[in-house]
There are 2 protein chains.
Amino acid sequence: MEPIILLNEKEYDLRLSRLRERMEAGGFDAILVSDNANIYYLTGRVFSGYIYIPSSGEAIFFVKRPSGLEGDGTVYIRKPEQMGESIGLNMPQTLGMELDVTPWSTVERIKVVFDMCELKNASPLLREQRSVKTDEEIALIKKSGMKHEYVYRHIPKLYVAGMSDLELQVEIEKLSRLEGCLGQFRISGDSMELYMGNVLTGDNADIPSPYDFAMGGGGLDPSLPVGCDGSVIKPGSTVMVDMNGNYTGYMTDMTRTFALGTIERMALDAHELSISICSELSKCIPGTPAKEMYERAKKMADDAGLGNYFMGHMQKAGFIGHGVGIEVNELPVIAPRSKDILQSGNVIALEPKFVIPKMGAVGIENTYVVRENGMECLTNAPEELIYFSE
Amino acid sequence: MEPIILLNEKEYDLRLSRLRERMEAGGFDAILVSDNANIYYLTGRVFSGYIYIPSSGEAIFFVKRPSGLEGDGTVYIRKPEQMGESIGLNMPQTLGMELDVTPWSTVERIKVVFDMCELKNASPLLREQRSVKTDEEIALIKKSGMKHEYVYRHIPKLYVAGMSDLELQVEIEKLSRLEGCLGQFRISGDSMELYMGNVLTGDNADIPSPYDFAMGGGGLDPSLPVGCDGSVIKPGSTVMVDMNGNYTGYMTDMTRTFALGTIERMALDAHELSISICSELSKCIPGTPAKEMYERAKKMADDAGLGNYFMGHMQKAGFIGHGVGIEVNELPVIAPRSKDILQSGNVIALEPKFVIPKMGAVGIENTYVVRENGMECLTNAPEELIYFSE
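Residues numbered from 1 in each chain as written. Chains lettered and ligands numbered in written order. Predicted model: local features only at pLDDT ≥ 70, side-chain atom pairs only at ≥ 80, totals over all residues. Heavy atoms only, no water.

Remarks on the overall build of chain A
Scanning chain A from terminus to terminus reveals nine helices and 21 strands. The C-alpha radius of gyration computed for chain A amounts to 22 Å, which stays within 12% of the reference 21 Å derived for 390 residues, consistent with globular compactness. By its C-alpha atoms, chain A is 75 × 40 × 35 Å across when sized along the principal axes. Evaluated residue by residue, chain A yields a buried proportion of 61% over its 390 residues. In chain A, the share of contacts with a sequence separation of at least 24, taken over all contacts with a separation of at least 6, comes to 67%. Element-wise, carbon and sulfur atoms account for 50% of the exposed surface of chain A, whose accessible area totals about 14500 Å². If the 38 positive side-chain charges of chain A are averaged to one point and the 55 negative ones to another, these points end up 1 Å apart. (Helix = DSSP H or I, 4+ residues; strand = E, 2+ residues; numbered from the N terminus. Rg over C-alpha atoms; globule rule 2.2 N^0.38 Å. Buried < 20%, exposed > 50% of the residue type's maximum accessible area, 1.4 Å probe, protein only. Contact = heavy atoms within 4.5 Å. Areas by Shrake-Rupley, 256 points an atom, 1.4 Å probe, with all protein chains shown as cover. Lys, Arg positive; Asp, Glu negative; His and termini not counted. Charge placed at Lys NZ, Arg CZ, Asp CG, Glu CD.)

Pasting the structure below:
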């Protein structure tokens with residue numbers, strides 16, 4: 001038998017008490033959590049089932065799989081209808097569910113179990129809660145960042161003349177995995193898909209993709225049209241590497257750009273500007289509106305005459321940064337219409353990138369934790385453009 | 001500019017006309033498709049947006065991203081509310097949506113756009129349609145099967161004495177990717193997670209996982225508790241390899257078992273029995289109830305005195321096979337309470353596996369296409385237990 005909760009008691013209590021403050025403020029009598037990312041957040045493990053959290057009293061862990069878990073409040077069920085028996089007469093008046101990610105049919109089925117109550121959307125509440133990381137979460141993100149950095153420092157050694165973007169990506173995948181990268185790229189919602197990350201070179205960097213990532217790429221097949229397309233890395237082109245940093249269940253997001261041969265001035269300038277934008281924005285302190293950060297970055301790009309290439313060229317991304325943690329698309333979102341305000345404990349990836357037609361993408365991405373006096377970088381691989389040996 | 005539909009005209013017409021027959025039989029005036037797997041099925045590409053299919057008249061392709069697509073019925077939108085303008089006065093009375101996979105909030109938002117109409121669940125209809133593959137789909141699955149087979153034939157050469165399960169898996173990942181494996185393991189619904197496949201050895205094969213796969217494994221981290229756990233492959237244990245066969249957007253599913261040192265009789269017998277069950281079940285013809293196939297396999301395991309180890313030991317899977325195609329969990333399901341009936345054109349993975357405590361998992365998995373006179377195997381790597389060189 002194994003304990004259902006892998007978090008230490010203090011950490012579990014901290015996360016639960018913060019959640020209950022939010023539940024009270026939002027008018028939730030109870031919430032029912034079933035998304036893997038939220039289950040992992042609340043217990044330190046993924047299981048198949050539901051966590052029922054009343055505004056007071058003990059949480060109930062309804063487990064379908066795996067077998068062999070135990071601990072206070074653990075109840076094995078085969079189907080959601082069985083939850084009613086455990087909750088019994090203490091049915092909540094208002095129940096929160098993760099309506100932004102739970103399929104419609106699942107919600108309707110569970111509504112029947114909680115017959116009398118009002119349904120509310122708990123997705124925003126959980127997203128907000130998870131956007132402010134605890135010290136233990138930050139420690140896991142830091143650990144991922146250190147492994148991520150180790151892999152990135154080795155990338156120049158993985159390059160062999162004549163390689164394709166795919167061949168380089170596969171070498172990075174291999175090294176990452178051997179260093180303990182879990183591979184899984186958790187993204188909230190199921191319309192975003194990506195396998196392990198993105199390596200873009202030359203023209204391919206300018207191919208629009210259907211996914212809402214900062215950069216695109218045509219991909220290897222129209223069933224997964226994003227990322228490397230098998231092009232040989234040519235002299236006079238850049239190679240942007242944005243590979244998965246999920247080493248602990250918590251991810252860091254990091255991009256570095258490499259180059260082969262002679263790179264034109266505009267691209268070198270754009271790369272330097274990306275570093276400057278990161279450096280400038282990382283001085284932001286709690287209370288800064290996310291949209292101001294976006295505007296500041298956009299203005300720096302425009303002032304340098306590089307606005308046309310900022311965050312894409314043929315197709316542009318609508319943001320320059322995003323929260324990261326268990327999933328890669330967490331809050332806050334650093335975008336023009338964002339209403340998010342920077343908070344201490346946010347962990348944010350900033351990725352002010354440029355696509356230079358024909359040559360490729362340039363720029364960097366770092367993951368930062370927001371502290372009272374500014375942002376601390378957790379992805380400390382060298383930022384300058386690094387040339388591959390020809 | 002690129003055409004929105006990558007299928008050839010005849011193939012597109014075939015898929016659409018079959019879908020409309022099902023829509024008519026099910027009483028749908030129109031359906032609105034937004035799931036990546038279904039968008040890929042209907043057009044041959046993934047895009048972000050919706051496909052609106054009225055029971056008669058042309059389909060409308062509402063595209064958010066990527067930019068640059070064109071063709072009859074292509075309409076760019078920024079948000080779903082804009083769909084109303086294009087559909088205008090031809091609002092359907094009953095609209096089908098993929099309610100089993102679309103988040104509750106998304107459905108509620110779209111319901112407002114289609115104000116006056118009755119909402120119906122189109123998920124079963126689309127699952128059934130996709131369970132009967134066209135010749136073009138079967139050709140893509142065959143192509144994946146051939147690449148998959150090539151990789152599996154090389155596995156013994158990838159093994160090096162002293163390797164861990166992870167190190168072997170990483171070598172298989174690398175070879176698969178260099179042969180064009182897209183990596184993405186498409187699974188309907190977002191509660192199932194797996195990175196590229198599963199390599200299980202020794203005790204780890206008996207660790208229950210939260211996911212509804214045939215086999216478990218503890219995994220590398222409680223955030224993704226499935227598959228290899230970093231154990232060294234020891235003499236006297238088996239190594240079950242069940243790695244991703246997505247080379248074309250259509251997957252094959254294949255498992256083979258390898259071994260190191262001396263393997264006990266019971267495990268050898270169980271492996272042979274798995275081969276016999278596959279061989280026996282592959283004689284099934286259209287019209288066979290899926291649950292009869294399950295019962296036949298279960299009886300063969302029980303008759304051999306191996307029922308206790310069949311489909312898991314500490315935790316058992318509730319099925320021995322499943323449809324496969326764009327996603328890995330398609331119809332039919334070969335399970336005790338399945339109501340599915342085998343149809344010509346189904347593509348099915350059969351995986352009668354055994355977990356032998358301490359030693360590991362044994363058995364095979366093949367992907368078959370169901371033909372009028374039986375099932376044709378599309379994954380033709382050698383089935384016998386193959387010993388790694390010590």
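Following the structure, the description resumes.
Side note on the confidence of the model for chain A
When pLDDT is averaged along chain A, the result is 96, and 100% of the positions lie at 70 or above. The ipTM for the predicted assembly is 0.97, set against a pTM of 0.97. (pLDDT = per-residue confidence, 0-100.)

Remarks on unusual backbone geometry
Looking along the chain, the bond that leaves A:Arg65 and enters A:Pro66 is cis, with omega of 0°. Along the chain, A:Pro66 turns up in the loop between β4 (60-65) and β5 (69-70). Going from B:Leu331 to B:Pro332, the amide bond is cis rather than trans, its omega being -5°. With respect to the helices, strands and loops of the structure, B:Pro332 is situated in strand β15 (residues 330-334). Residue A:Lys358 is not a glycine yet carries a positive backbone phi of 75°. Topologically, A:Lys358 is positioned in the loop between β17 (353-356) and β18 (360-363). Accessibility expressed as a relative area gives 68% for A:Lys358, which makes it exposed.

Looking at the sheet that holds strand β9 (residues 197-201) of chain A
Residue and element names in this part refer to chain A. Spatial ordering of the open sheet is given by β9-β10-β13-β21, a layout of four strands whose pairing is mixed. Each edge of the sheet is formed by a strand with only one pairing partner; in this case those strands are β9 and β21 (386-387). Sheet topology note: the strand β13 (residues 256-260)/β21 ladder contains two bridges and is parallel. Paired with Ala259 across the strands is Tyr387, a residue of β21. Each of β10 (237-243), β13 and β21 is contacted by helix α6 (residues 135-158), which is oriented at about 160° to β10, the strand it contacts most. (Pairing = 2+ DSSP bridges. Axes fitted to C-alpha atoms, helices over the stretch in contact; angles between N-to-C directions.)

Observations concerning the sheet that holds strand β20 (residues 374-377) of chain A
Residues and elements named next belong to chain A. In space, the five strands of this open sheet follow the order β15-β14-β16-β19-β20, with antiparallel pairing throughout. Two strands bound the open sheet, and with one partner strand each, they are β15 (330-334) and β20. Each strand axis lies, on average, 30° off the axis of its neighbour in the sheet, ignoring direction. Where strand β19 (residues 366-371) lies against β20, four bridges are found, and the strand directions are antiparallel. Looking across to β20, one finds that Tyr368 is bridged to Cys377. The strands touched by α6 within the sheet are β16 (347-350), β19 and β20, with β19 carrying the most contacts at an inclination of about 155°.

Remarks on the packing of aromatic side chains
Taken as a whole and assessed by the stated rule, the structure comprises 15 aromatic pairs over all chains. With a centroid separation of 5.2 Å and 5° between ring planes, the pair formed by B:Phe258 and B:Phe388 is classed as stacked. Taken together, the positions of B:Phe258 in strand β13 (residues 256-260) and B:Phe388 in the segment after β21 (386-387) put the pair 130 residues apart, joining distant regions of the chain. Here B:Phe258 and B:Phe388 have matching classes, each one buried. Through pairs of rings, three or more aromatic residues link up here, namely A:Tyr159, A:Phe258 and A:Phe388. Above the plane of the ring of A:Phe28 lies A:Lys120, whose end atom (NZ or CZ) is 4.9 Å from the centre. (Phe/Tyr/Trp six-rings, centres within 6.5 Å; stacked < 30°, edge-to-face > 60°. Lys NZ or Arg CZ within 6 Å of the ring centre and 35° of its normal.)

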